[in-house]
Amino acid sequence: MQEEYFNDVKSRLKRKEKVSCAWLHMASNVSAEIMANAGFDVLLIDAEHSPVDYQTMLSMCQAIKAAGCVPFARAPWNDLISLKKICDCGVMGISVPYVNTAEEAREAVRRCKYPPFGIRGIAGSPRAAGYGMNRGGYLQRANEQNLVMVAIETVEGIDNLPEIMKTEELDGIFIGPMDLSTSMGKMGQISSPEVQEQIRRIEEIVVPSDKFLATVANDADHARTLYDRGYNLLVMMSDVVDLSKMAHKTVQNFREYLAQEAARKEES
């Protein structure tokens, strides 16, 4: 079976269009299916800060594809083995964390690409190649269609960003605001003037370039503000975090109701 292998999201990002995205932290094919059915363009499976393993990632990719969404993943590290196995699960985009130098960026891309451009190991049996039924279509087009972005999460990375941007076949830059603020001694203080100044340095380099710019938005309203500043891919919610917020709000409302009910009984 020879299926066409085409990454519409990569094409849209190359045109600097706006793409919607959400985190998958729950390590669940069920939450992946729910989020995909909600209509996001991309779902970003987090293998860095969640308990997801490769088997789970594969089943999540199946759920995402079935709903017509595009699966991306954040790798646990800039590591040859993990990047290869993530690619073999069938993701169509990878975010590589904590890249600080042009050499690290080049290695990230090489580890996600087949020879002769890269060093990714070749096999026709993984899910990405249709379990052997689409090896020709996939192996011929994976280098072209799979997307690679690197995360800039330190001032060192920002200082080296002009050289990082020269990396051949690097598609985009992801700003990791929490790690960036922490690397500056301002853990969690993303809105501080010093952190925002460093973020603007990244924006000034990436927005006018041919590479897309991505980061995390607090919600859809914050995403609109960032899109207007030139961002192209924004992660605007998380299955874990937003469920947690909703659960907490629901319980708080219930407890307030109980308190009001008790107050009414005392008054009567």
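This section reports on the structure supplied with the text. (Residues numbered from 1 in each chain as written. Predicted model: local features only at pLDDT ≥ 70, side-chain atom pairs only at ≥ 80, totals over all residues. Heavy atoms only, no water.)

Another aspect to go through is helix H3 (residues 54-66). Relative to the 18 Å expected for 13 residues at 1.5 Å per residue, H3 spans 18 Å between its end C-alpha atoms, a close match to the ideal helical length. All of the buried residues along H3 are Thr56, Met57, Leu58, Ser59, Met60, Cys61, Ala63 and Ile64. Each element contacted by the buried residues of H3 is listed here: strand E1 (19-24), helix H2 (29-38), strand E2 (42-46), strand E3 (70-74) and helix H4 (80-89). The opening residue of H3, the one whose side-chain oxygen lies 3.4 Å from the backbone nitrogen of Gln55, is Asp53. (Helix = DSSP H or I, 4+ residues; strand = E, 2+ residues; numbered from the N terminus. Expected span 1.5 Å × (residues − 1). Buried < 20%, exposed > 50% of the residue type's maximum accessible area, 1.4 Å probe, protein only. Contact = heavy atoms within 4.5 Å. Polar contact = N/O pair within 3.5 Å; in protein donor to acceptor, adjacent residues only side chain to side chain.)

Looking now at the layout of surface pockets. Taken as a whole, the largest pocket encloses approximately 670 Å³ of empty space. Lining the largest pocket are 28 residues, with Pro177, Ile190, Val216, Ala217 and Asn218 positioned closest to its centre. Contributing elements (two or more residues each) for the lining of the largest pocket: helix H9 (177-183), helix H10 (193-206), strand E7 (212-216), helix H11 (220-228), strand E8 (233-238) and helix H12 (239-267). For the lining of the largest pocket, the element with the highest residue contribution is E8, accounting for four residues. (1 Å grid on protein atoms, 1.4 Å probe; cavity = no way out; pocket = protein on both sides within 12 Å on 5 of 7 lines; lining within 4 Å. Points joined across faces, edges and corners; volume = space filled by probe spheres on them.)

What follows covers the nonpolar core. Ranked by size, the top nonpolar core spans 55 residues in total, and within it Leu43, Ile45, Met57, Ile94, Ile164, Ile173 and Ile202 carry the most contacts. Beyond its immediate sequence surroundings of up to four residues, Ile94 is in contact with Ala73, Ala75, Leu83, Ile86, Cys87, Cys112, Leu147, Val148 and Met149. Among the nonpolar cores identified, the runner-up in size contains 24 residues, and Leu13, Cys21, Phe72 and Met92 belong to it. (Core = buried A, V, L, I, M, F, W, Y, C linked by side-chain atoms within 4.5 Å.)

Let us look at the side chain of Ser82. Counting through the fold element by element, Ser82 comes out in helix H4. Discounting residues that sit within four places of it in the chain, Ser82 has contacts with Tyr54, Pro76 and Trp77.

Tallied over the full model, the rule gives 18 salt bridges. Across the salt bridge formed by Lys10 and Asp171, the nearest N and O atoms sit 3.7 Å from each other. Within this pair, whereas Lys10 is found in helix H1 (residues 8-14), its partner Asp171 is found in the loop between helix H8 (161-164) and strand E6 (172-175), the two being separated by 161 residues in sequence. For the residue pair Lys10 and Asp171, the accessibility class agrees, reading buried in each case. A salt bridge links Glu17 to Arg15, with the shortest nitrogen-to-oxygen separation between them at 2.8 Å. (Salt bridge = Lys/Arg side-chain N within 4 Å of Asp/Glu carboxyl O.)

Turning next to the pairing of E7. Summarising burial for E7: four of the five residues are buried, a large majority. In this sheet, E8 lies alongside E7 in parallel orientation, the contact comprising three bridges. Considered in E8, the bridge of Val216 is made with Val235. A crossover connection joins E7 to the parallel E8 through H11; in handedness this β-α-β unit is right-handed. (Pairing = 2+ DSSP bridges. Right-handed = clockwise from strand over helix to strand, strands pointing away.)

What follows concerns H11. The set of residues buried in H11 consists of Ala223, Leu226 and Tyr227. The arc that holds every buried residue of H11, seen down its axis, measures 100 degrees, which confines them to one face. Its side-chain oxygen 3.1 Å from the backbone nitrogen of Asp221, Asp219 forms the N-cap of H11. Positive phi shows up at Gly230, right after H11, with a value of about 110 degrees. (Arc of directions from axis to C-beta.)

The next point concerns the side chain of Ser238. Structurally, Ser238 can be placed in strand E8. Relative accessible area serves as the criterion here: at 3%, Ser238 is assigned to the buried category. Of note is the side chain of Ser238, whose polar atom sits 2.8 Å from the side chain of His25. Here the side chain of Ser238 touches Val240 through a polar contact of 3.2 Å, landing on its backbone nitrogen. Non-local contacts of Ser238, meaning those with residues more than four positions away in its chain, are made with Trp23, His25, Met35 and Leu243.

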